[in-house]
Amino acid sequence: MVRFMKLLTRDERPPGEEPVSDLVPELEVSRAKRVRVLLAAACAPLLFSFTAIAAVLAMVSFAADRSRFSATGALLAAGPGWLASWQVELDLGGHPLGVLPLLPTLVVGWLVARAAARAARRVGGRTPADAIPVVTVIAGAHALFGVLVALMAGGSPVDVNPLTAFCVPGLLAGLAAIAGVARVCGLPAAVRDRFDPVAVQGLRAGALGLAALIACGAVVFTAATALSWSTVDSLFEPGFGASFGLFVLSVAYLPNAVVAALSFSTGPGFSVGSLTVGMFGYQEGKLPGVPVLAGVPSHHAVWWPALLLLPALVGALVGWRIRAIDEDPMLRMRAVAVAGALVAFGCVILGTLAGGRLGDGPFDPVSVPVGVASVIAFCWIVVPGGFVAFFAGAHDAPEPPGEPEVEEDLVEPEEDEPAEEEIETEAGEPAEDVDETPAEDEPETEPEQDVAVTESTDGSGDETAPGDDR
């Protein structure tokens, strides 16, 4: 059988023309295919998001009562709507609109991340350098399209700053593309190689803590809305058209409401115009008639501080996650500090995106105190998290009190002889006599002394000695 297999696999080429290696090199992607893939990755999410926004606006316009549907008007409104999905502030007839829905931003960001990951795989991206052209093309395409929409909207009731329309979509699309190509091009491994392992563990724990705080905000918002369901029902009008528009608007602003609930559950709270809702303070004011705001309380309650248990549990969760990363408690505390810094930075980003200007009326502005919220979020992670990470982690066992002395005693006998010599020298004996006289000579001198003493004794005690007669 082996001979038969050798015959089947025998190389018939003459000697000297054998291949150097049996490994077949991977085929490189051609330049034309690379360009085609990159253009598709840049344009596909852009066109899809624009079409989806135009379709939603057309549905709302078609379902609205006492309105005339216009496909051209829906397409023209889709441009500013696309910019709003990328958090570009709009100017509606001289009134600023900066508090924009976050749900469309998350959707278009997910589309960009998915397209970037697919493009990186198709062009054979394996290293961080391979991610650069993918991210650059996607970010550049969104920036150029934003400028184009801003220029086309000139002269209409909706005004947009071209510089903002260029920078904001390009920046956000670039970040979404980086998130998409991160795993494909090995960006996490590159970050782990360049960063301290303790800092990497802290970043992971901080991401977990930020996600847990967002979950706490979602729980608080859901509970408040469920308890105010009668108010939610009363805000929807009987007609389907107006109710459908309010429903779409409320769903689009759900992430904004969750961020406001997060700020409330951690302590600082939020404000809508003159209305201020905080854990330890409340100021009355008017609210827009939108179902997503139906859960906002109308007065202060004494039991609100009990909700502070939620961020404390999140901090303890972060500390529990960090407790086993190292045996040194100080390294664990440093990881907790890194986690708290990441959570604070995330709260700043979320609070900035969730708020903004809302015209010039009584509901302007909608804001979250990002400075205070970030500091308090940092404390909620560091204080309970540091306590858990320090005391729940490993500690060096204390050494028994007698061990060091025993070890010293075992080593000291080697130095007994020099020590005794020093003691004898200090007593007054010359050091030379001590060194020259061996220990074995002492027993030899004792018999000589005994003999001398014996002889003198015998001579003195013998009365019949011949010398006595004389």
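Scroll up for the structure.
Structural notes, computed from the coordinates. Bear in mind that the values here come from a model prediction, so they are computed numbers and not experimental data.

Digging into the sheet that holds strand 2 (residues 95-97)
Read across the open sheet, the three strands follow the order 2-1-3; overall the sheet is antiparallel. Looking at which strands have only one partner, the edges of the open sheet turn out to be strand 2 and strand 3 (158-159). With three bridges joining them, strand 1 (residues 90-92) and strand 2 adopt antiparallel strand pairing. Paired with Leu90 across the strands is Leu97, a residue of strand 2.

Some thoughts on the pattern of salt bridges
Evaluation of the coordinates by the stated rule reveals three salt bridges. The partner of Arg357 in a salt bridge is Asp360, and the shortest N-O contact between them spans 3.0 Å. Notably, a salt bridge pairs Asp364 with Arg357, separated by 3.0 Å at the nearest N-O pair. Each of Arg357, Asp360 and Asp364 takes part in one network of salt bridges that share partners.

So, the sheet that holds strand 4 (residues 270-272)
In spatial order, the strands read 6-5-4-7; together these four strands make up an open sheet with antiparallel pairing. Both outer strands of the open sheet, strand 6 (282-283) and strand 7 (366-367), are each paired with one neighbouring strand and no more. Pairing of strand 5 (residues 275-277) with strand 6 involves two bridges; the strand directions are antiparallel. Residue Val277 lies in a different strand from strand 6, and its bridge partner there is Tyr282.

A short note on the layout of surface pockets
If you add up the space inside the second largest pocket, you get close to 850 Å³. What lines the second largest pocket is a set of 22 residues, among which Leu106, Leu172, Ile349, Leu350 and Leu353 lie closest to the centre. Secondary structure elements with two or more residues in the lining of the second largest pocket: helix 4 (103-122), helix 6 (162-181), helix 8 (197-227), helix 11 (254-266) and helix 13 (329-354). Tallying contributions element by element places helix 13 first for the lining of the second largest pocket, with six residues. The residue makeup of the lining of the second largest pocket, split by class, is 18 nonpolar, four polar and no charged.

Reading the values: rules and limits
Residues numbered from 1 in each chain as written. Predicted model: local features only at pLDDT ≥ 70, side-chain atom pairs only at ≥ 80, totals over all residues. Heavy atoms only, no water. Pairing = 2+ DSSP bridges. Helix = DSSP H or I, 4+ residues; strand = E, 2+ residues; numbered from the N terminus. Salt bridge = Lys/Arg side-chain N within 4 Å of Asp/Glu carboxyl O. 1 Å grid on protein atoms, 1.4 Å probe; cavity = no way out; pocket = protein on both sides within 12 Å on 5 of 7 lines; lining within 4 Å. Points joined across faces, edges and corners; volume = space filled by probe spheres on them. Nonpolar A, V, L, I, M, F, W, Y, C, P; charged D, E, K, R; others polar.

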